[in-house]
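# A structural walkthrough
Now for the letters of each chain:
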Amino acid sequence: MNGVPAEVAGREPVVVTAADARYGELVRGVNARYVGSPEAVYLVNSTTQVAEVVQAAVTRGKRLTVRSGGHCLEDFVFNPDVQVVLDLSEMNRVYFDAARGAFAVEPGATLIDVYELLDTAWGVAIPAGSFYSVGAGGHVAGGGFGFLSRMHGLAVDHLHAVEVVVVDAAGAVRTVVASREHDDPHRDLWWAHTGGGGGNFGVVTRYWFRSPGAVGQDPRSVLPRRPTDMLLSTVSLPWPEMTRQRFGRLLENFGAFHEKHKDPDSPYLAVTGGLVLTHRSGGPIRLDTQVDGGHPEADRLLEAYLAEILEGLGPVVRPRARRVPWLALVRQHARANSAQNDPTLRGDFKSALMRAGPPDHQINTFYRHLTRVDIDNPTITVSLAGFGGRINAVRPEATAFAHRDCSLALLWTVLWHDPADDGRYVDWNREFYGAVYAETGGVPVPNSVTDGCYINDPDADVADPRFNRSVTPWHELYYKDNYPGLRAAKARWDPRNVFRHRLSVQLP
Ligand SMILES: Cc1cc2nc3c(=O)[nH]c(=O)nc-3n(C[C@H](O)[C@H](O)[C@H](O)COP(=O)(O)OP(=O)(O)OC[C@H]3O[C@@H](n4cnc5c(N)ncnc54)[C@H](O)[C@@H]3O)c2cc1C
């Protein structure tokens, strides 16, 4: 069992104020752009302590935010308005809760904690994100997807229950457990945490995972089994050989394959492909593919996939695929990401979900911007991740995550170090993204091609009329028809709007 060390469990909260040497460490997100100046940070280690800190903040009228893993892509946790930060990073236990027949995961557990613990002790996995240091606290509430999702759905598709510290209309704090059981009177609170996003309804102090339809109480049978190994392929496509025609063919092939195989009964569920479009000042464009090595036809699936994606591109060097034990691969991903591990990095991100591959005019815009010579930042990427599969087996209204007919998830990234470059790179991303979606007002509105944005990759620009010139409001991009349900949950569980940020669910 992972654990809060015995000397930590039960200890009083650690209160860190500006006079403390640890303060600077605890008032900033993983993205160095987001720094707060709260009166205090409370490092807590139990639900009772969370409730006490929230109650004190509400009683004193203090603005409070919650940090689990610190990976928020916006300033929702660390910004100048925040007076109290509740830091849950020490609440990181992962264990089997026999009473519920489900795995309990505390919000401060990082994804690598979760993968390692579930695997080492029980050989099971949750289909969550691929970045090791993301915290369960924010990640799960927003949906959670990664390399296992085409096979097993989103993390929230296995969410059985959630424990949340909430504040009622009178300002009194209480702790509620809400489950997906249909007769649970608190079911709407569970539902709100299946894609509604963090920082909206209360403080999650525990998640429980058990797959729908799981039978029995054996921990090894209540979640998907971990893959034995992964068949791994990386194909590099250098920019000097990348004509507009070749680039277009690659994106058309990639888009068409994923559209054809987005359904939950696709024979290619075991294949997860990612296409990382770099700027030409960076390295080559990369086609990264993982295939579940336990699939009896893994090699054939990979071969057929690569043949389809690379068709018509002319000669391409294809290094031999490698088999890597699954957990070793997860760990390697954790350690290899030197750029993302740099604590001085500043970044800007934008997301889009796609139902179909990018049409020609979008491909043109990708090519134009990625070959621009007035910018030379090798960290610029747009990654296109294969989506759908078992994610699309769930009805859009069954969970708060509404995007259940998508084929690709896109993420725009630009990183830099110098605060003086903030304006330049934020503008770059705005211009690039706005141009790709120019025909729909600068944002990927839900239609037959695009399907909005992913709340775990939030971008406050989509609520700003300068950048969202469509008639589609920001909440439709993130939640589509599920927004009224989320507002109803907000009214019931956070009627004083204690938990809020720049894109939080609004009270009715
Ligand atoms: C480098 C990187 C890689 C990523 N990779 C993936 C990926 O592979 N797949 C994917 O789906 N997403 C990915 N994400 C997005 C990630 O899922 C979100 O950023 C997620 O919200 C981070 O959660 P956190 O707890 O680490 O962040 P935090 O910054 O601590 O929290 C994020 C938000 O949730 C709120 N929150 C946090 N904890 C709680 C809680 N206990 N109760 C209530 N609200 C809470 C915060 O107040 C904030 O609004 C990635 C992000 C980064 C920066």
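Going by the structure above, here's the rest.
Our subject in this report is the structure included herewith. This structure is a prediction, so every number in the text was calculated from the model and none was measured.

Criteria and cut-off values
- Residues numbered from 1 in each chain as written.
- Predicted model: local features only at pLDDT ≥ 70, side-chain atom pairs only at ≥ 80, totals over all residues.
- Heavy atoms only, no water.
- Core = buried A, V, L, I, M, F, W, Y, C linked by side-chain atoms within 4.5 Å.
- Buried < 20%, exposed > 50% of the residue type's maximum accessible area, 1.4 Å probe, protein only.
- Domains from an automatic or database assignment.
- Contact = heavy atoms within 4.5 Å.
- Helix = DSSP H or I, 4+ residues; strand = E, 2+ residues; numbered from the N terminus.
- Arc of directions from axis to C-beta.
- Phe/Tyr/Trp six-rings, centres within 6.5 Å; stacked < 30°, edge-to-face > 60°.
- Lys NZ or Arg CZ within 6 Å of the ring centre and 35° of its normal.
- Near = heavy atom within 4 Å.
- Polar contact = N/O pair within 3.5 Å; in protein donor to acceptor, adjacent residues only side chain to side chain.
- Areas by Shrake-Rupley, 256 points an atom, 1.4 Å probe, with all protein chains shown as cover.

As a further point, take the nonpolar core. Counting residues in hydrophobic clusters, the biggest one holds 125 residues, and the most contacted among them are Phe247, Leu277, Phe366 and Trp412. Looking at which domains feed residues into this core, each of domain 1 (1-226) and domain 2 (229-480) supplies at least three. When residues no more than four places from it in sequence are discounted, the contact partners of Trp412 are Asp348, Phe349, Lys350, Ala352, Phe366, Thr381, Val382, Asn429, Phe432, Tyr433, Val436 and Tyr437. Grouped together as the second largest cluster of nonpolar side chains are 20 residues, Val50, Val54, Leu86 and Val167 included.

Attention shifts here to helix H13 (residues 483-493). Tyr483, Leu486, Ala489, Lys490 and Trp493 are the residues of H13 that are buried. Around the axis of H13, the buried residues are gathered within 115° of arc, so they sit on the same side. On its buried face, H13 is in contact with strand S7 (159-167), strand S8 (173-179), helix H6 (187-192) and helix H12 (474-479).

With that settled, the discussion passes to the packing of aromatic side chains. Describing an aromatic ring pair means giving the distance of the ring centres and the angle of the ring planes. Under the criterion given, the structure shown has 27 aromatic pairs. On the basis of an interplanar angle of 85° and a centroid distance of 5.1 Å, the ring pair of Phe257 and Tyr268 is categorised as edge-to-face. Highlighted residues: Phe257 in helix H7 (residues 244-260) and Tyr268 in the loop between H7 and strand S11 (271-278), separated in sequence by 11 residues. Both residues of the pair, Phe257 and Tyr268, count as buried. When the ring of Trp474 is compared with that of Tyr483, the centres are 5.8 Å apart and the planes differ by 70°; the resulting orientation is edge-to-face. Classification of Tyr483 by relative accessible area gives buried; the value is 5%. Members of the aromatic cluster, joined through ring pairs, are Phe366, Trp412, Trp428, Phe432, Tyr433 and Tyr437. Directly above the ring of Tyr433 sits Lys350, whose terminal nitrogen or CZ lies 5.6 Å from the centroid.

Taken together, the neighbourhood of the ligand is formed by 31 residues, with Val66, Ser68, His139, Phe145 and Tyr454 sitting nearest. In this structure, an oxygen atom belonging to the ligand sits 2.9 Å away from a main-chain N or O atom of Cys72. Between the ligand and Gly199 there is a distance of 3.0 Å, counted from a nitrogen atom to a backbone nitrogen or oxygen. In isolation the ligand exposes 960 Å². Once the protein is present, 92% of that is buried.

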